Amino acid sequence: MLFFLSMALAAPVTELPPFLRGDLAFGYDLDTLSSGLVETRGAERVDVGSRSVTAHTVRIDAVFAVAPGAAVYLQIPPYQSSFVKFEGASNMVYDPASGSGTYEGMPADLSGKQYAGSGLGGVWLGARGTPFSEAFPGRNNKSTWLLDLGFRIGDKQDTYYVDAAGKRGAGPGAPAVRLSSAFSKNFGNSAPYMSVALTKNNAYDRNVQADSGEVIFDSTTTNGKDFDQGRQGALRIGVDIGTPTHPDTGARFSFDLFGAVDYTSFRVVPSGYYLPGVLSASVGTPTQMAESLDLGGGLGIHWRPAKYVQINLGGTGFAHLPQRVENYYDVHTAGDGLRVVVLSDVTVRFR
């Protein structure tokens, strides 16, 4: 989650600072996915409670234009709180008929946060540029195209790590590379746009720890990379509509409406992290989570009270399509899955 949240906050998404100028943004973001969990028992579908996966992030973005139409950037996304929470769930028991685990018939007495932590989450470094841009009238470009390449530095204190004081980390942990592209076209005070981002997380080794600090999966006992946060894609298509820029103060107000699609490929995660009370034989061991697809749309608001300051606020609602949570157990997210993303920041524009 939160793998490319800033896509829908720019106005438009293809804007870059002028040469030897920059932007510094301080933001708060929320990404939460809530859904029921159902177990398939032959032709039956048994309700086994509900689950929410939530991340609260404080975001710091710095962009500096090193040439006309080209910039470098730094993104720091500290996770203030990241947790997996269950309601009305139960512990799993062994089912000899299926040779697997089942929640059927067990009391729904397992509720609360199962895993909660905070941490840096990995720093992004990257570069972006506009091969052609309407910002340069002399080029006679009819639209703007932005390309972005970013690299995330791995962080060993991820969501599976617990330090000596019992504090759990947060974030994906693995190094990653991100390639994104965006197009926009100005029509007076409106700018239709499209943006797409592809992120590849590297597979990595990691010991998995219980909240007590006990290692429940030791990566040194296996060969190769045990865990993988998958590949992710994000598509936004929308239009930014605003007032003319004030010639003296630089003030401007705009809002954008957009459709959104987020895709995540299969992931390899510790068993029991996204399911309540799994069998003890599988706890912490690598298991495959099925691919997921989120479909939705949202609204962004951009207020520039003066040339040097801009306030951004955006929200997106997604329908989360059902997915199998672990390949070990026949448990899926229900069809009621709802993902909500809220983005906000204050940007200082050095112009």
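Note that the structure is a prediction, hence the values are computed from the model and not measured. (Residues numbered from 1 in each chain as written. Predicted model: local features only at pLDDT ≥ 70, side-chain atom pairs only at ≥ 80, totals over all residues. Heavy atoms only, no water.)

Q: So what exactly am I meant to see when it comes to the overall build of the protein chain here?
A: For the protein chain, the count of helices and strands is zero helices and 21 strands. Here the protein chain has a C-alpha radius of gyration of 22 Å; the compact-globule value for 351 residues is 20 Å, and the two agree. Taking the principal axes of its C-alpha atoms as reference, the protein chain extends roughly 75 × 40 × 30 Å. Looking at the protein chain as a whole, 50% of its 351 residues are labelled buried. Taking the intrachain contacts of the protein chain between residues at least 6 apart in sequence as the baseline, contacts between residues at least 24 apart amount to 69%. Entry remark: accessible area of the protein chain is about 15400 Å², with carbon and sulfur atoms responsible for 63%. Averaging the locations of the 29 positively and 33 negatively charged side chains of the protein chain gives two centres separated by 11 Å. (Helix = DSSP H or I, 4+ residues; strand = E, 2+ residues; numbered from the N terminus. Rg over C-alpha atoms; globule rule 2.2 N^0.38 Å. Buried < 20%, exposed > 50% of the residue type's maximum accessible area, 1.4 Å probe, protein only. Contact = heavy atoms within 4.5 Å. Areas by Shrake-Rupley, 256 points an atom, 1.4 Å probe, with all protein chains shown as cover. Lys, Arg positive; Asp, Glu negative; His and termini not counted. Charge placed at Lys NZ, Arg CZ, Asp CG, Glu CD.)

Q: Which parts of the structure should I look at to understand the pattern of salt bridges?
A: Where charged atoms from two side chains of opposite charge approach closely, those side chains can pair. What the rule picks out here adds up to 18 salt bridges. Between Arg349 and Glu15 there is a salt bridge, and its shortest N-O distance comes to 3.2 Å. With Arg349 in strand E21 (residues 338-350) and Glu15 in the segment before strand E1 (22-41), this pair connects stretches of sequence that are 334 residues apart. In this structure Arg349 comes out as buried when scored by relative accessible area, which is 8%. Asp61 is the partner of Arg59 in a salt bridge, and the nearest nitrogen-oxygen pair spans 3.1 Å. Residue class for Arg59 comes out buried when judged on its relative accessible area of 8%. Using a relative accessible area of 10% as the deciding quantity, one classes Asp61 as buried. What you see here is one network of salt bridges that share partners, running through Asp31, Arg236, Asp262, Asp294 and Arg339. (Salt bridge = Lys/Arg side-chain N within 4 Å of Asp/Glu carboxyl O.)

Q: Honestly, the side chain of Ser282 in this entry has me stumped. Any pointers?
A: Residue position: Ser282 is located in the loop between strand E16 (267-270) and strand E17 (286-289). Polar side-chain contacts of Ser282 include one of 2.9 Å to the side chain of Ser271. Here the side chain of Ser282 touches Tyr329 through a polar contact of 2.6 Å, side chain to side chain. Excluding residues that lie within four positions of it along the chain, Ser282 makes contacts with Ser271, Tyr328 and Tyr329. (Polar contact = N/O pair within 3.5 Å; in protein donor to acceptor, adjacent residues only side chain to side chain.)

Q: Sorry if this is basic, but what is going on with the environment of Tyr94 here?
A: Looking at the secondary structure, you find Tyr94 in strand E5 (residues 93-95). Each C-alpha atom of the pair Tyr94 and Asp31 lies 34 Å from the other, and the pair is 63 residues apart in sequence. If near-sequence neighbours (up to four positions away) are discounted, Tyr94 is found in contact with Gly99, Ser100, Gly101 and Leu279.

Q: What's the story with the packing of aromatic side chains in this structure? I'm lost.
A: To describe a pair of aromatic rings, one takes the distance between the centres and the angle between the planes. Throughout the structure, instances matching the rule amount to eight aromatic pairs. Between Phe132 and Trp145 the ring centres are 5.6 Å apart and the planes differ by 45 degrees, which places this aromatic pair in the tilted class. Of this pair, Phe132 sits in strand E8 (residues 124-132) while Trp145 sits in strand E9 (residues 144-152), placing them 13 residues apart in sequence. Residue classification places Phe132 among the partly exposed positions, given a relative accessible area of 28%. On the basis of an interplanar angle of 50 degrees and a centroid distance of 5.7 Å, the ring pair of Tyr160 and Phe227 is categorised as tilted. With Tyr160 in the loop between E9 and strand E10 (176-184) and Phe227 in the loop between strand E13 (215-217) and strand E14 (231-242), this pair connects stretches of sequence that are 67 residues apart. Judged by relative accessible area, which is 1%, Tyr160 ranks as buried. Exposure remark for Phe227: the relative accessible area of 0% places this residue in the buried category. What links up through ring pairs into an aromatic cluster is the set Tyr115, Tyr160, Phe217, Phe227, Tyr273 and Tyr274. The ring centre of Tyr73 lies 4.1 Å from the NZ or CZ of Arg128, which sits over that ring. Positioned above the aromatic ring of Phe187 is the side chain of Lys185, whose terminal nitrogen or guanidinium carbon lies 5.7 Å from the ring centre. (Phe/Tyr/Trp six-rings, centres within 6.5 Å; stacked < 30°, edge-to-face > 60°. Lys NZ or Arg CZ within 6 Å of the ring centre and 35° of its normal.)

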